[in-house]
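Breakdown of the fold
Spelled out from the first residue to the last, the chains are:
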Amino acid sequence: MTQRIVPYSIVDVFTTRRFAGNPVAVIRDAKGLSGTQMQSIAQEFGFSETTFILPPGNGATSATVRIFTPFDEIPFAGHPNIGTAFVAATQETVAEIQGDQLVFDELGGPVSVVLQREQGRVIGARITAPQTLEVLGECDTAMMASCLGLAEEQVLSQRFRPCVASVGLPFAFAELAGLEALGAIDPSVSAFKAARARGPQTVDGFAISAFVVTSESGSNFNVRARVISPLGHPPEDPATGSAAGALTSLLAASGTGEVCRAIIEQGVEMGRPSLIEVEIPASGAGAEISGRCVPVSSGVLYL
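What to know about the overall build of the protein chain
Helices and strands together make up the secondary structure of the protein chain, namely six helices and 18 strands. Relative to the 2.2 N^0.38 estimate, which gives 19 Å for 303 residues, the radius of gyration of the protein chain is 19 Å and therefore close to what a compact globule would have. Seen through its C-alpha atoms, the protein chain measures out along the principal axes to roughly 60 × 40 × 35 Å. Burial statistics for the protein chain: of 303 residues in total, 54% are counted as buried. Per element, the accessible surface of the protein chain, about 12,400 Å² overall, is 47% carbon and sulfur. In the protein chain, which carries 19 positive and 30 negative side-chain charges, the distance between the mean positions of the two groups comes to 5 Å.

Description of the state of the cysteines
Inspection of the entire model under this criterion finds zero disulfides. Note on Cys139: no disulfide assigned, nearest cysteine sulfur contributed by Cys163 at a separation of 6.6 Å. Taking relative accessible area as the criterion, Cys139 reaches 3% and is therefore assigned buried.

Remarks on the nonpolar core
Proteins that are soluble and globular tend to have nonpolar side chains buried together. In this structure, Phe173 and Ile264 are the most contacted members of the largest nonpolar core, which totals 60 residues. Broken down by element, the residue count for this core peaks at seven residues, all from helix 6 (residues 241–253). Once residues within four sequence positions are removed from consideration, Phe173 is found in contact with Met144, Phe160, Pro162, Cys163, Ala165, Ser209, Ala243, Ala246, Leu247 and Leu250. Counting 23 residues, the second largest nonpolar core, distinct from the first, contains Cys147, Ala174, Leu182 and Phe206.

Overview of the layout of surface pockets
One water molecule sets the probe size; rolling that probe over the atoms shows where empty space is left. By volume, the largest pocket amounts to about 200 Å³. Every residue lining the largest pocket is counted, 13 residues in all, and those nearest its centre are Phe14, Thr15, Thr16, Leu275 and Arg292. Listing elements by their share of the lining of the largest pocket, those giving two or more residues are strand 17 (274–280) and strand 18 (288–302). Within the lining of the largest pocket, the residues separate by chemical class into four nonpolar, six polar and three charged.

Digging into the packing of aromatic side chains
Counted under the stated rule, the structure contains five aromatic pairs. Look at Phe45 and Phe47: their rings are 6.0 Å apart centre to centre, the planes differ by 20°, and that puts the pair in the stacked class. Relative to Phe211, the ring of Phe160 lies with its centre 5.8 Å away and its plane at 25°, an arrangement referred to as stacked. Remark: Phe211 occurs in strand 13 (residues 208–217) and Phe160 occurs in the loop between strand 10 (155–156) and strand 11 (163–166); sequence separation between them is 51 residues. Judged by relative accessible area, which is 14%, Phe160 ranks as buried. Following the ring pairs from residue to residue traces out a cluster consisting of Tyr8, Phe45 and Phe47.

A short note on helix 1 (residues 35–45)
Burial in helix 1 covers these residues: Met38, Gln39, Ile41, Ala42 and Phe45. Seen end-on, helix 1 carries its buried residues on one side only, within an arc spanning 160°. In helix 1, the exposed residues that point more than 90 degrees away from the buried face are Thr36 and Glu44. Where the residues of helix 1 are buried, they touch strand 1 (5–13), strand 2 (22–27), strand 3 (50–54), strand 4 (63–68), strand 5 (73–74) and strand 18.

Here's the deal with empty space enclosed by the protein
This model, assessed by the stated rule, comprises one cavity of 30 Å³ or more. Roughly 170 Å³ of internal volume is contained in the largest cavity. What lines the largest cavity is a set of 21 residues, among which Glu49, Phe171, Asp204, Asp237 and Thr240 lie closest to the centre. Among the secondary structure elements, those contributing two or more residues to the lining of the largest cavity are helix 2 (78–90) and helix 6.

Notes on unusual backbone geometry
With an omega dihedral of -5°, the bond running from Gly199 to Pro200 counts as a cis peptide bond. With respect to the secondary-structure elements, Pro200 resides in the loop between helix 5 (189–198) and strand 13. Residue Pro234 is bonded to the preceding His233 through a cis peptide linkage, with omega at -5°. As for its position among the elements, Pro234 is in the loop between strand 14 (220–228) and strand 15 (236–237). Its identity is not glycine, yet Phe19 carries a phi of approximately 65°, on the positive side. Positive phi, close to 55°, is recorded for Gln119, a residue that is not glycine.

As for the pattern of salt bridges
Enumeration according to the criterion identifies 12 salt bridges in this entry. Between Lys31 and Asp29 there is a salt bridge, and its shortest N-O distance comes to 3.0 Å. By relative accessible area, Lys31 is classed as partly exposed at 39%. Put simply, Glu138 and Arg161 hold a salt bridge, and the shortest N to O gap is 3.1 Å. One end of the pair, Glu138, is in strand 9 (residues 134–138); the other, Arg161, is in the loop between strand 10 and strand 11, and 23 residues separate them in sequence. Residue classification places Glu138 among the exposed residues on the basis of a relative accessible area of 53%.

Definitions and limits used
- Residues numbered from 1 in each chain as written.
- Predicted model: local features only at pLDDT ≥ 70, side-chain atom pairs only at ≥ 80, totals over all residues.
- Heavy atoms only, no water.
- Helix = DSSP H or I, 4+ residues; strand = E, 2+ residues; numbered from the N terminus.
- Rg over C-alpha atoms; globule rule 2.2 N^0.38 Å.
- Buried < 20%, exposed > 50% of the residue type's maximum accessible area, 1.4 Å probe, protein only.
- Areas by Shrake-Rupley, 256 points an atom, 1.4 Å probe, with all protein chains shown as cover.
- Lys, Arg positive; Asp, Glu negative; His and termini not counted.
- Charge placed at Lys NZ, Arg CZ, Asp CG, Glu CD.
- Disulfide = S-S within 2.5 Å.
- Core = buried A, V, L, I, M, F, W, Y, C linked by side-chain atoms within 4.5 Å.
- Contact = heavy atoms within 4.5 Å.
- 1 Å grid on protein atoms, 1.4 Å probe; cavity = no way out; pocket = protein on both sides within 12 Å on 5 of 7 lines; lining within 4 Å.
- Points joined across faces, edges and corners; volume = space filled by probe spheres on them.
- Nonpolar A, V, L, I, M, F, W, Y, C, P; charged D, E, K, R; others polar.
- Phe/Tyr/Trp six-rings, centres within 6.5 Å; stacked < 30°, edge-to-face > 60°.
- Arc of directions from axis to C-beta.
- Salt bridge = Lys/Arg side-chain N within 4 Å of Asp/Glu carboxyl O.

Okay, here's the thing in structure tokens:
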């Protein structure tokens, strides 16, 4: 039997140095792979997501991209798209790249991508989430506090009530009283299971983006966040672009209606600091999520 060799690259996303940010494995030529094979490869890498580049299905797109967690295929994610765009622009893939503007065809809808350059070299990308903000339901404050192992008064409701929201992938959101509370998070798996049963569900059954606004000026925010998902993999994510896009959209919806910008730090408590930049160009517009990338390794899989 002929052995197939499949090339891949690993990139750290939302960082300027290796072994920080969030890693993604990118399969550069996924032609002929079945969904079952893709799922097995994602399990083998064990990252929060692995992406698979397929040739474009029509002339309006640059590639078809499928995204898998170790457990399931998902319709959209932030750092995998940015990492995939970086690989497509810097490595040999089956994507068709002309200029710095790309479109990826994905389950969640078309994802627009603009490559970012520094002195002519590709350093990252900006993506536009495939959907505008959708609030899927409010969450009980006591339930959120129980999931995070915090006192109920440490979960705030003044800016907006805890809720599940999405710009392509749903998360629960809870603003906390301060960085001390953010650092004190002690997840309860049983409480997360109860929250999953109660709903509304999110990615990984129930995943919480807990955040603190560290400073703000008008519609500009500096945020520190942690994304906790003990029912999925990994139990905490070092950088979550899809959650950052929804969070900034929530901040924009609770603000003045002006252009809203957020700089979101994540992964600090994990030792993998990440920096995610998000802009909401106008009220109701799609979230634009930006980040830098660092190549880590390349190799081949044997199938």
